[in-house]
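A structural walkthrough
Listed below are the residues making up each chain.
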Amino acid sequence: MTVSDSLRRRTGGRRWWALLGFGAAVTVAAAIGGLGVRGTSEEYASLNQPDWAPPSWVFGPVWTFLYALIAIAGWLVWRRVGFGPALYAWTAQLVLNAIWTPLFFGAGRYGLAFAEIVLMWLAIGVTVVLFARVSRLAAALLLPYWAWVTFAAALNFSIWQLN
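Here is what the cut-offs are and how they apply
- Residues numbered from 1 in each chain as written.
- Predicted model: local features only at pLDDT ≥ 70, side-chain atom pairs only at ≥ 80, totals over all residues.
- Heavy atoms only, no water.
- Phe/Tyr/Trp six-rings, centres within 6.5 Å; stacked < 30°, edge-to-face > 60°.
- Helix = DSSP H or I, 4+ residues; strand = E, 2+ residues; numbered from the N terminus.
- Buried < 20%, exposed > 50% of the residue type's maximum accessible area, 1.4 Å probe, protein only.
- Lys NZ or Arg CZ within 6 Å of the ring centre and 35° of its normal.
- Patch = residues over 30% accessible without salt bridge, like charges linked within 9 Å, V, L, I, M, F, W, Y side chains within 5 Å.
- Areas by Shrake-Rupley, 256 points an atom, 1.4 Å probe, with all protein chains shown as cover.
- Salt bridge = Lys/Arg side-chain N within 4 Å of Asp/Glu carboxyl O.
- Core = buried A, V, L, I, M, F, W, Y, C linked by side-chain atoms within 4.5 Å.
- Contact = heavy atoms within 4.5 Å.

**Things to note about the packing of aromatic side chains**
- Counting across every chain of the model gives 17 aromatic pairs.
- Taking the centre distance of 4.7 Å and the plane angle of 20° together, the rings of Trp100 and Phe104 count as stacked. Pair noted here: Trp100 and Phe104 are both in helix H4 (residues 85-106), with a separation of four residues, about one helical turn.
- Phe104 gets classed as buried once you look at its relative accessible area, which sits at 2%.
- Taken together, the ring pairs connect Tyr44, Trp52, Phe59, Trp148 and Phe151 into an aromatic cluster.
- A cation over a ring is seen here: Arg79 above Trp75, with NZ or CZ 4.8 Å from the ring centre.

Take a look at the structure:
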């Protein structure tokens, strides 16, 4: 085994550990979002909602899929350029993501949650633009997330207005 083979093997392993790290980061954001917020399905069901609101069981599978995409996108950018402006934007949108659930469900502050989700939407947009400069695939992986947050913002606004 040559020195370059050994180095390639070590950095390849490091890359996979980094992917787990990005997965852990989105898991922590999801967990923080859920801390101290129990009974969200019941609370969601009790709200006045628009006719187009999805049932509460839809959110878990959708967010699980989206969090996987968010982690992979961040990892792809990290592999290319390491930590820098693109991943700082990624981190900012993830922090905003973690804050929304406690605002909406924990505090019942639907208007404040709407303002916050607008900031999150903008942060995702900045992240997509910065990611596109590094990896078109990473940027594309964030598009379903951005679309879902667009839908969630419309739903948040409607619930705010109806309640």
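From this point on, the discussion continues.
**Notes on a nonpolar patch on the surface**
- Taken together, the side chains of Val118, Leu119, Trp121 and Leu122 make up a nonpolar region of the molecular surface, amounting to roughly 340 Å² of accessible area.
- Judged by relative accessible area, Val118 falls into the partly exposed class, the value being 33%.

**Regarding the nonpolar core**
- Formed by 51 residues in total, the largest nonpolar core has its most connected members in Ile70, Trp90, Phe104, Met120, Phe131 and Tyr145.
- Breaking this core down by element, the ones donating at least two residues are helix H1 (3-34), helix H3 (59-81), H4, helix H5 (110-134) and helix H6 (136-162).
- In contact with Met120, not counting residues within four places along its chain, are Gln93, Leu96, Asn97, Trp100, Tyr145 and Val149.

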